[in-house]
Amino acid sequence: YYNWKDGEDKTTKLGFIAQDVKEVVPEIVTYDEEKDKYAVNYSSTVALLTEAVKELRQEVKELKEKLNGNI
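Small disclaimer: the values here were computed from a predicted structure and weren't measured.

Chemist: Which parts of the structure should I look at to understand the packing of aromatic side chains?
Modeler: Taken as a whole and assessed by the stated rule, the structure comprises two aromatic pairs. On the numbers, 5.7 Å between centres and 15° between planes, the contact of Phe16 with Tyr42 is stacked. Placement of the pair is Phe16 in the segment before helix H1 (18–24) and Tyr42 in helix H2 (residues 42–70), with a sequence separation of 26 residues. For Phe16, a relative accessible area of 43% translates into the label partly exposed. Under the relative-accessibility criterion, Tyr42 is labelled partly exposed at 38%. Relative to Tyr38, the ring of Tyr31 lies with its centre 4.6 Å away and its plane at 45°, an arrangement referred to as tilted.

Written as structure tokens, this is what we have:
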């Protein structure tokens, strides 16, 4: 959660910390030198998160099969 320090909209938002994302996936983070601000391309995170879910589903499936084989 975060709140913008500048601007009129002071409502609480939900998002990623761009500097943290940059360490893992720098391709989806941009930096505006004039404004000294980072930004995350959120639409690009969809593919990454989808693949992560697919990998986790596969892992769960394998663990269930292992568990069922040992019972």
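From this point, things continue past the structure.
Chemist: What is the right way to read the side chain of Thr45 from this model?
Modeler: Inspection of the secondary structure assignment puts Thr45 in helix H2. A polar side-chain atom of Thr45 sits 2.5 Å from the main-chain carbonyl oxygen of Tyr42. Excluding residues within four positions of it along the chain, Thr45 makes contact with Phe16, Ile28 and Val40.

Chemist: Got a minute to help me understand the pattern of salt bridges in this structure?
Modeler: A side chain of one charge can pair with a side chain of the opposite charge if their charged atoms are brought near each other. Within this structure, the stated rule accounts for two salt bridges. For Lys13, the salt bridge is made with Asp9, and the minimal N-O distance between the two is 2.5 Å. Judged by relative accessible area, Lys13 falls into the partly exposed class, the value being 24%. Note that Glu51 is salt-bridged to Lys54, the shortest N-O span being 2.9 Å. Here Glu51 and its partner Lys54 are both found in helix H2, three residues apart, which amounts to about one turn of the helix. When its relative accessible area of 38% is taken as the criterion, Glu51 is described as partly exposed.

Chemist: Could you clarify how one ought to interpret the nonpolar core in this entry?
Modeler: For soluble globular proteins, nonpolar side chains are generally found buried alongside one another. Counting residues in hydrophobic clusters, the biggest one holds six residues: Ala18, Val21, Val25, Ile28, Val29 and Val40. Those residues in contact with Val40, other than ones at most four positions away along the chain, are Ala18, Val21, Ile28, Val29 and Thr45.

Chemist: Sorry if this is basic, but what is going on with a negative patch on the surface here?
Modeler: A cluster of acidic side chains, namely Asp32, Glu33, Glu34 and Asp36, defines a negative patch on the protein surface. Relative to the assigned elements, Asp36 resides in the loop between strand E1 (29–32) and strand E2 (37–40). Look at Asp36 and you get exposed, because its relative accessible area is 53%.

Parameters at a glance
Residues numbered from 1 in each chain as written. Predicted model: local features only at pLDDT ≥ 70, side-chain atom pairs only at ≥ 80, totals over all residues. Heavy atoms only, no water. Phe/Tyr/Trp six-rings, centres within 6.5 Å; stacked < 30°, edge-to-face > 60°. Helix = DSSP H or I, 4+ residues; strand = E, 2+ residues; numbered from the N terminus. Buried < 20%, exposed > 50% of the residue type's maximum accessible area, 1.4 Å probe, protein only. Polar contact = N/O pair within 3.5 Å; in protein donor to acceptor, adjacent residues only side chain to side chain. Contact = heavy atoms within 4.5 Å. Salt bridge = Lys/Arg side-chain N within 4 Å of Asp/Glu carboxyl O. Core = buried A, V, L, I, M, F, W, Y, C linked by side-chain atoms within 4.5 Å. Patch = residues over 30% accessible without salt bridge, like charges linked within 9 Å, V, L, I, M, F, W, Y side chains within 5 Å. Areas by Shrake-Rupley, 256 points an atom, 1.4 Å probe, with all protein chains shown as cover. Lys, Arg positive; Asp, Glu negative; His and termini not counted. Charge placed at Lys NZ, Arg CZ, Asp CG, Glu CD.

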